[in-house]
Amino acid sequence: MSTSEKKPTILETIYAQRAKDVEVAKSTPGTTPEDLSTLLQMNLAPPLIQVVPRLKRNPSTSSSSSSPSLMAEIKRASPSKGPIAMTTNVAQQALTYALSGASVISVLTEPTWFKGSLFDMRLVRQAIDALPDRPAVLRKEFILDEYQIMEARLWGADTVLLIVAMLSQERLETLYHYSLSLGMEPLVEVNNADEMRRALGLGSKMIGVNNRNLHNFEVDMGTTSRLVEMVKERDLVLCALSGIKGPEDVRVYKEEGVKAVLVGEALMRAEDTGKFIRELLDWPEIKTQGEGEKNRERTWVKVTGVRSESEAISLTETGTDILSFVFDPQEKTYVKPEEAAPISSKIRAARLSPSASAAVSPYLRSTPWFTAQLGTLTATYARPLLVGVFNKQPLAYIQHTVAISQLDLVQLNGDEPSGWTAHIPVPVIRQFTVAKNESPSQEITRPGVHSFCLLDVQGGREAVGELQRVVEKGEVPGWRMPVILRASGIEEEALVDIIRSLDPWAVDLDLEIGVLDVVKRVKGL
Ligand SMILES: O=C(O)c1ccccc1N[C@@H]1O[C@H](COP(=O)(O)O)[C@@H](O)[C@H]1O
């Protein structure tokens, strides 16, 4: 950056401070450039998503006149406004943005003027990590050194900001290509035609026009509009940045063909963030489950302990949705994988394809983890589903059994390591115990590891309160968590009451005399 005799502008001041901050980080034991480079070589950076394709999808994409996509910013404070939202919890804010349809979450990581940090960015990434089709994470920074791009990748960013106004052409090109080498297409920020030419010269696929002049803070909403012509017919996403306050601002950009808008302050100050976003972008309401609304037809029945073809067939004919084989030799209903295989084949040959209506709606792309798992399951598999139940068997045995017995799901009843789920090729159900006056395990509601949970209720009716809390508070407000209730040991009338009040996704019954009558009763509820 060129030095001048005049008082430095805010951009020059921030640049100078960030250059010092980077030197401190680089010379701190544990975070030297060599350390970061080793961490990258060890593949310790979390997986990436590609920002440009993600930016092209938003809740209005399927309609004939799609609205711009949203880059929603986490911005506690700014040099021009001072404090904006100092007490906002960044993880909650990010999840709200994601569930409201944001394609990108921009996180200011600069500490002095914006009160941000890499820790904020990590929390944002963690909060949205398990969502299907999660938004991309942008490190919104004053990037002047490759070191900051390494940091960004290691702390969970999918893309970084490069501000043309503060970089020589040589630095800009080097940083742009370095970011690409780590798999991240950067957002290149410009403020005038000269800077736009420099960004286009890079071959940038994502250019943001900042309506705010970073030297004098002046916001001119026409800045983006004046540069639109320069990118017409080009294969890139043009984004309008700064000063966007209401739907009228976005409408103008939409008509001009701007594909995305970045909004910070207005979102951080919004009272009802989801509503504000819908109105701002003229998006359709994103469907969430209303109070008591079901996302499926009726309680499913899972029966555990199937050992013969005749049992499997009569259960299927009675309407059982999930058949479970027990592969634990300690159990009296144990079957060997070779014995389950022909039963699976018979059931698979007879079952119908999933109904088209079960397919996941595009508006539900950003549903919370467990609900989305259920949506995928019902859209992908025909019923009855075939489950293998395991209790501390070796991983290799589980993998072998999935293949031999053609299982749709695996149920883990022991304390198998959570990392195993990544190596089991079908969705995993994990069993937990829920007991009266005992806080349920936090693992039950932790998204991203198991796909479904089966809750073994100890204490009959009296533990139902705990169960109720898991179902209602388990995921995100407004979303009831789908759970499988282990019903064996609960007498039939109590079970019927529990199903009526709790509306679990499924109940799990042991195969024993009289189970067919219970299946019929549950299916008839
Ligand atoms: O907002 C500032 O004061 C500022 C100062 C220096 C560099 C960037 C600044 N803000 C940027 O503003 C947008 C978001 O704008 P808004 O909050 O929606 O008006 C974003 O690009 C920030 O990085």
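Fair warning: this is a prediction, and the values are worked out from it, not measured in the lab.

Observations regarding the overall build of the protein
Phase 1: Looking only at helices and strands, the protein has 19 helices and 18 strands in total.
Phase 2: Expressed along its principal axes, the backbone C-alpha trace of the protein runs to roughly 90 × 50 × 45 Å.
Phase 3: The 525 residues of the protein split such that 53% are buried.
Phase 4: Considering only contacts within the protein whose residues lie at least 6 apart along the sequence, 65% involve residues at least 24 apart.
Phase 5: A total of about 23100 Å² of accessible surface is found on the protein, and carbon and sulfur atoms cover 51% of it.
Phase 6: Side-chain charges of the protein comprise 59 positive and 67 negative groups, with the mean position of each set lying 2 Å from the other.

Remarks on the packing of aromatic side chains
Phase 1: Throughout the structure, instances matching the rule amount to 6 aromatic pairs.
Phase 2: Site record: aromatic cluster; members linked through ring pairs are Phe325, Phe327, Phe390 and Tyr397.
Phase 3: Positioned above the aromatic ring of Trp300, the side-chain terminus of Arg383 is 4.1 Å from the ring centre.

Quick notes on the sheet that holds strand β13 (residues 385–390)
Phase 1: The sheet built from 8 strands closes into a barrel, its strands ordered β11-β12-β13-β14-β15-β16-β17-β18 with parallel pairing. On average, each strand axis in the sheet is tilted by 30° relative to the strand beside it, whichever way the strands run.
Phase 2: Two elements, strand β11 (residues 300–304) and strand β12 (residues 322–326), share 3 bridges in a ladder whose sense is parallel. Following the sheet pairing, Val303 is matched in β12 by Leu323.
Phase 3: Its contacts with the sheet put helix α19 (residues 515–524) on β11 and β18 (506–510), and the angle it makes with β11 is roughly 165°.

Describing the side chain of Asp249
Phase 1: Looking at the secondary structure, you find Asp249 in helix α10 (residues 247–256).
Phase 2: An unpaired buried charge is present at Asp249: no salt bridge exists, and Lys245, the closest side chain of opposite charge, is 7.2 Å distant.
Phase 3: Asp249 has contacts with Met221, Gly243 and Ile244, leaving out every residue within four places of it along the chain.

Remarks on the site of the ligand
Phase 1: Surrounding the ligand, one finds 18 residues, the nearest of these being Lys75, Ser80, Lys140, Arg212 and Glu265.
Phase 2: Note that an oxygen atom of the ligand is positioned 2.6 Å from one of the side-chain N or O atoms of Ser80.
Phase 3: Between the ligand and the protein, one listed contact pairs an oxygen atom with a backbone N or O atom of Gly243 at 2.9 Å.
Phase 4: Calculation on the ligand without its partners gives an accessible area of 500 Å², and the protein chains cover 98% of this total.
Phase 5: Split into classes, the residues belonging to the shell around the ligand amount to 8 nonpolar, 5 polar and 5 charged.

Thoughts on the environment of Arg234
Phase 1: Structurally, Arg234 can be placed in the loop between α9 (222–227) and β9 (237–241).
Phase 2: It is 9.0 Å that separates the C-alpha atoms of Arg234 and Lys205, two residues lying 29 residues apart in sequence.

Observations regarding the domain arrangement of the protein
Phase 1: Examined at the domain level, the protein breaks down into domain 1 (10–41 + 53–60 + 67–281) and domain 2 (291–524).
Phase 2: For the domain 1 and domain 2 pair, buried surface summed over both sides reaches about 760 Å², with 65% attributable to carbon and sulfur atoms.
Phase 3: Looking at the side of domain 1 facing domain 2, the largest losses of area belong to Leu99, Ala130 and Pro132, adding up to 55% of the total buried there.
Phase 4: Where domain 1 touches domain 2, the interface holds 0 salt bridges.
Phase 5: Viewed at the interface, domain 2 and domain 1 are joined by 0 residue pairs in polar contact (both at pLDDT 80 or more).
Phase 6: Classifying every residue of the side of domain 1 that touches domain 2 gives 7 nonpolar, no polar and 2 charged.

Regarding unusual backbone geometry
Across residues other than glycine, the phi torsion is negative in most instances, and most of the peptide bonds are trans.
Phase 1: Residue Pro384 is reached from Arg383 by a cis peptide bond, and omega for that bond is 0°.
Phase 2: In this structure, Pro384 sits in the loop between α15 (369–380) and β13.

Quick word on the sheet that holds β9
Phase 1: With parallel pairing, 8 strands are arranged side by side around a closed barrel as β1-β4-β5-β6-β7-β8-β9-β10. Sheet twist, expressed as the average angle between the axes of neighbouring strands with direction ignored, equals 25°.
Phase 2: Two elements, strand β1 (residues 69–74) and strand β10 (residues 260–263), share 4 bridges in a ladder whose sense is parallel. Across the sheet, the residue bridging to Met71 is Leu262, located in β10.

What about the confidence of the model for the protein?
Phase 1: Mean pLDDT over the protein: 90, with 93% of residues reaching 70 or higher.
Phase 2: For residues 290–295, every residue scores under 50 in pLDDT, and the model assigns this stretch 6 contacts once sequence neighbours within four places are set aside.
Phase 3: The low-confidence segment residues 356–364 (pLDDT under 50) makes 13 contacts with residues lying over four places distant or belonging to another chain.
Phase 4: Predicted complex metrics record ipTM = 0.98 and pTM = 0.76.

Comments concerning the pairing of β10
Phase 1: Neither face of β10 is open: one carries Ala260 and Leu262, the other Val261 and Val263, and all of them are buried.
Phase 2: For the segment spanning β9, α10 and β10, crossover handedness is right-handed.

A look at the pattern of salt bridges
Phase 1: By the definition in use, this model includes 33 salt bridges.
Phase 2: With a shortest N-O distance of 2.8 Å, Asp158 and Arg134 are connected by a salt bridge. Remark: Arg134 occurs in the loop between α5 (118–128) and β5 (136–140) and Asp158 occurs in the loop between α6 (146–154) and β6 (159–163); sequence separation between them is 24 residues.
Phase 3: Residue classification places Arg134 among the buried residues on the basis of a relative accessible area of 6%.
Phase 4: Where Asp321 meets Lys523, a salt bridge forms, and the shortest distance between an N and an O atom there is 2.7 Å. Of this pair, Asp321 sits in the loop between α13 (309–318) and β12 while Lys523 is found in helix α19, placing the two residues 202 residues apart along the sequence.

How each quantity is defined
Residues numbered from 1 in each chain as written. Predicted model: local features only at pLDDT ≥ 70, side-chain atom pairs only at ≥ 80, totals over all residues. Heavy atoms only, no water. Helix = DSSP H or I, 4+ residues; strand = E, 2+ residues; numbered from the N terminus. Buried < 20%, exposed > 50% of the residue type's maximum accessible area, 1.4 Å probe, protein only. Contact = heavy atoms within 4.5 Å. Areas by Shrake-Rupley, 256 points an atom, 1.4 Å probe, with all protein chains shown as cover. Lys, Arg positive; Asp, Glu negative; His and termini not counted. Charge placed at Lys NZ, Arg CZ, Asp CG, Glu CD. Phe/Tyr/Trp six-rings, centres within 6.5 Å; stacked < 30°, edge-to-face > 60°. Lys NZ or Arg CZ within 6 Å of the ring centre and 35° of its normal. Pairing = 2+ DSSP bridges. Axes fitted to C-alpha atoms, helices over the stretch in contact; angles between N-to-C directions. Salt bridge = Lys/Arg side-chain N within 4 Å of Asp/Glu carboxyl O. Near = heavy atom within 4 Å. Polar contact = N/O pair within 3.5 Å; in protein donor to acceptor, adjacent residues only side chain to side chain. Nonpolar A, V, L, I, M, F, W, Y, C, P; charged D, E, K, R; others polar. Domains from an automatic or database assignment. Buried area = accessible area lost by both parts, 1.4 Å probe. pLDDT = per-residue confidence, 0-100. Right-handed = clockwise from strand over helix to strand, strands pointing away.

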